[in-house]
Amino acid sequence: MMEGEKNLVEKARKGNSEAFGILYDYYLPKIYRFVLFKVSHKQQAEDITQHAFMKAWENMGGYKPQGHPFGSWLYRIARNSVIDYYRKNEFSVDIEAVSPEALGIDNSLIAKLEVKLEWEKILNAIGGLTEVEQDVLIMRFVEDLPHGEVARAVDKSENAVKVIQHRALKKLKVTLSKK
Amino acid sequence: MKEEHIIKQLSTLKSIEPDAGFARSARTTILYRSEPMPARFFGLTQSLSTTLSIGLVVMLFVFIALGGVATMLRTPLSPTFQGVDEQSLASEAGSINQTIDARLSEVAYISGERENKLVMATTPSDGDSNADKEIDLLLTQAKGY
């Protein structure tokens, strides 16, 4: 949760675009990564991320914090946007073809061949998990969200999230050990 | 491979950032080409949906209550047979009544006649020899008149 988020959310709820802009700047990389790992395609990830933020901005007036961080609400919208996108477009990604290049990742980190291969392996392994397992692992270990926040975003109890996380890690371990 | 190593690998994915050009253009599109719906719109839709739900429940309750009472008043204890033709049912009941009346008068006639010994003699009996003897006796008495 970012500093002064409550205040910014309150302003954005009243239609202050500047406040929403700050929230956008903070959450864009997180939501983008989340969508990117799920759709495994740069262009589609950009379209869905933009759509999710547009939906959030249009519905800001109806957002009620109720003690939950704004991020959980955004992740929920992003999840639904991915589902909507799959439903409307009916496309499928060849999980074996997922690579940093396919994802459009241009980063100095992957200049090293070793790191590049590691990423390719882990991205392929994530692709083999179920939707909710992917969501939980990305939110927990890529975005460092606490269990409670992940639970609200995926609409499950905290205990259920812990079980899903354990199962997903086990699956990843098996998949990565085979390769 | 250990779980700790997997978690460490996953956290390295954090360095993936969206394209700066995309981030800028999407920001402009979202903030300046679309408008948020006013908060009072959400309040209104929410209160409208709540009112509508309560209204529907009340209407359903009244409908069930009145419907139940109406059925009770129309046929207090017996069920209704809307498909039955009342006229044919009445005529059928009338003919059954007539048959029963005819049978009853026949029974009354026979029981009256039974008191007459002659009739009793002509009425077939169970065939025991005593009865036959009595009949013979009665017949001779009759011839004597």
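Residues numbered from 1 in each chain as written. Chains lettered and ligands numbered in written order. Predicted model: local features only at pLDDT ≥ 70, side-chain atom pairs only at ≥ 80, totals over all residues. Heavy atoms only, no water.

Attention now goes to the overall build of chain B. Within chain B one finds six helices and zero strands. Considering chain B as a whole, with its 145 residues, one finds that 12% of them fall into the buried category. Only carbon and sulfur atoms are counted for the fraction: they give 63% of the accessible area of chain B, which is about 12,100 Å². (Helix = DSSP H or I, 4+ residues; strand = E, 2+ residues; numbered from the N terminus. Buried < 20%, exposed > 50% of the residue type's maximum accessible area, 1.4 Å probe, protein only. Areas by Shrake-Rupley, 256 points an atom, 1.4 Å probe, with all protein chains shown as cover.)

Residue and element names in this part refer to chain A. Where helix H2 (residues 17-39) contacts helix H4 (residues 70-89), the axes come no closer than 10 Å and their chain directions differ by 45°. The angle between H2 and H4 places the two elements in the oblique class. Of the two possible hands of crossing, H2 and H4 adopt the one that is right-handed. Within the contact between the two elements, H2 uses Phe-20, Leu-23, Tyr-27, Lys-30, Ile-31, Phe-34, Val-35, Lys-38 and Val-39 and H4 uses Phe-70, Gly-71, Leu-74, Tyr-75, Ala-78, Arg-79, Val-82 and Tyr-86. Looking at the contact of H2 with H4 residue by residue, the classes come out as 13 nonpolar, one polar and three charged. (Axes fitted to C-alpha atoms, helices over the stretch in contact; angles between N-to-C directions. Parallel < 35°, antiparallel > 145°, perpendicular 65-115°, else oblique. Left-handed = near helix turned anticlockwise from the far one by under 90°. Contact = heavy atoms within 4.5 Å. Nonpolar A, V, L, I, M, F, W, Y, C, P; charged D, E, K, R; others polar.)

So, on to the confidence of the model for chain A. Per-residue pLDDT for chain A has a mean of 84; in total, 85% of the residues score no lower than 70. Segment residues 93-97 of chain A is flagged for pLDDT under 50; beyond a separation of four residues in sequence, or across chains, it makes eight contacts in the model. (pLDDT = per-residue confidence, 0-100.)

Before going further, it helps to examine the pattern of salt bridges. Residue and element names in this part refer to chain A. One pass over the full model with this rule turns up 13 salt bridges over all chains. Here Lys-55 ties to Asp-84 by a salt bridge, and the two come within 3.8 Å at their closest N and O atoms. Separated by 29 residues along the polypeptide, Lys-55 in helix H3 (residues 42-58) and Asp-84 in helix H4 bring together distant segments of the chain. Judged by relative accessible area, which is 31%, Lys-55 ranks as partly exposed. For Glu-133, the salt bridge identified is with Lys-171, shortest N-O distance 3.0 Å. Here the residue Glu-133 occupies a position in helix H6 (residues 131-142), and Lys-171 occupies one in helix H8 (residues 158-178), the gap between them amounting to 38 residues. Shared partners join several salt bridges into a network, and the residues in it are Lys-38, Arg-79, Glu-131 and Asp-135. (Salt bridge = Lys/Arg side-chain N within 4 Å of Asp/Glu carboxyl O.)

Next up on the list: the packing of helix H7 (residues 147-154) of chain A against H8(A). All names here are of chain A. Look at H7 against H8: their axes get within 8 Å of each other, and the N-to-C directions meet at 95°. As far as their axial angle goes, H8 and H7 are roughly perpendicular. Side by side, H7 and H8 meet where His-147, Gly-148, Val-150, Ala-151 and Val-154 of the first sit next to Glu-158, Val-161, Lys-162 and Gln-165 of the second. Residues of the contact of H7 with H8, tallied by class, amount to four nonpolar, three polar and two charged.

Bringing the packing of aromatic side chains into the picture now. Aromatic ring pairs are defined here through the distance separating the ring centres and the angle between the ring planes. All names here are of chain A. Taken as a whole, this structure holds nine aromatic pairs over all chains when the rule is applied. With a centroid separation of 5.5 Å and 75° between ring planes, the pair formed by Tyr-63 and Phe-70 is classed as edge-to-face. Looking at Tyr-63, the relative accessible area reads 5%, which means it is buried. A relative accessible area of 1% places Phe-70 in the buried class. On the basis of an interplanar angle of 35° and a centroid distance of 4.6 Å, the ring pair of Tyr-63 and Trp-73 is categorised as tilted. With Tyr-63 in the loop between H3 and H4 and Trp-73 in helix H4, this pair connects stretches of sequence that are 10 residues apart. In this pair, the class of Tyr-63 matches that of Trp-73, namely buried. Among the aromatic residues, those joined into a cluster by ring pairs are Tyr-26, Tyr-27, Tyr-63, Phe-70 and Trp-73. (Phe/Tyr/Trp six-rings, centres within 6.5 Å; stacked < 30°, edge-to-face > 60°.)

Our next topic: H6(A). All names here are of chain A. Between its first and last C-alpha, H6 extends 16 Å over 12 residues, near the 16 Å set by a 1.5 Å rise per residue. Counting buried residues along H6, 11 of its 12 residues qualify, which places the element largely inside the surrounding structure. Within H6, burial applies to Val-132, Glu-133, Gln-134, Asp-135, Val-136, Leu-137, Ile-138, Met-139, Arg-140, Phe-141 and Val-142. Where H6 terminates, the next one or two residues include Asp-144, which has phi positive at roughly 55°. (Expected span 1.5 Å × (residues − 1).)

Across the boundary between the two partners, chain B contributes 30 residues, which contact 43 residues of chain A. Between B:Lys14 and A:Asp144 there is a salt bridge, with the nearest N and O atoms lying 2.3 Å from each other. Connecting chain B to chain A are eight residue pairs in polar contact (both at pLDDT 80 or more). Listing elements by their share of the side of chain B that touches chain A, those giving two or more residues are helix H1 (3-12), helix H2 (20-33) and helix H3 (39-74) of chain B. Considering every element that reaches the side of chain B that touches chain A, the biggest residue donor is H1(B), with eight residues. Broken down by class, the residue content of the side of chain B that touches chain A amounts to 16 nonpolar, eight polar and six charged. (Polar contact = N/O pair within 3.5 Å; in protein donor to acceptor, adjacent residues only side chain to side chain.)

With 65 residues, the main nonpolar core has A:Phe20, A:Val35, A:Phe53, A:Met60, A:Phe70, B:Leu10 and B:Leu13 as its most contacted residues. Not counting residues within four places of it along the chain, the set of residues in contact with A:Phe70 comprises A:Glu5, A:Val9, A:Phe20, A:Leu23, A:Tyr27, A:Met60 and A:Tyr63. (Core = buried A, V, L, I, M, F, W, Y, C linked by side-chain atoms within 4.5 Å.)

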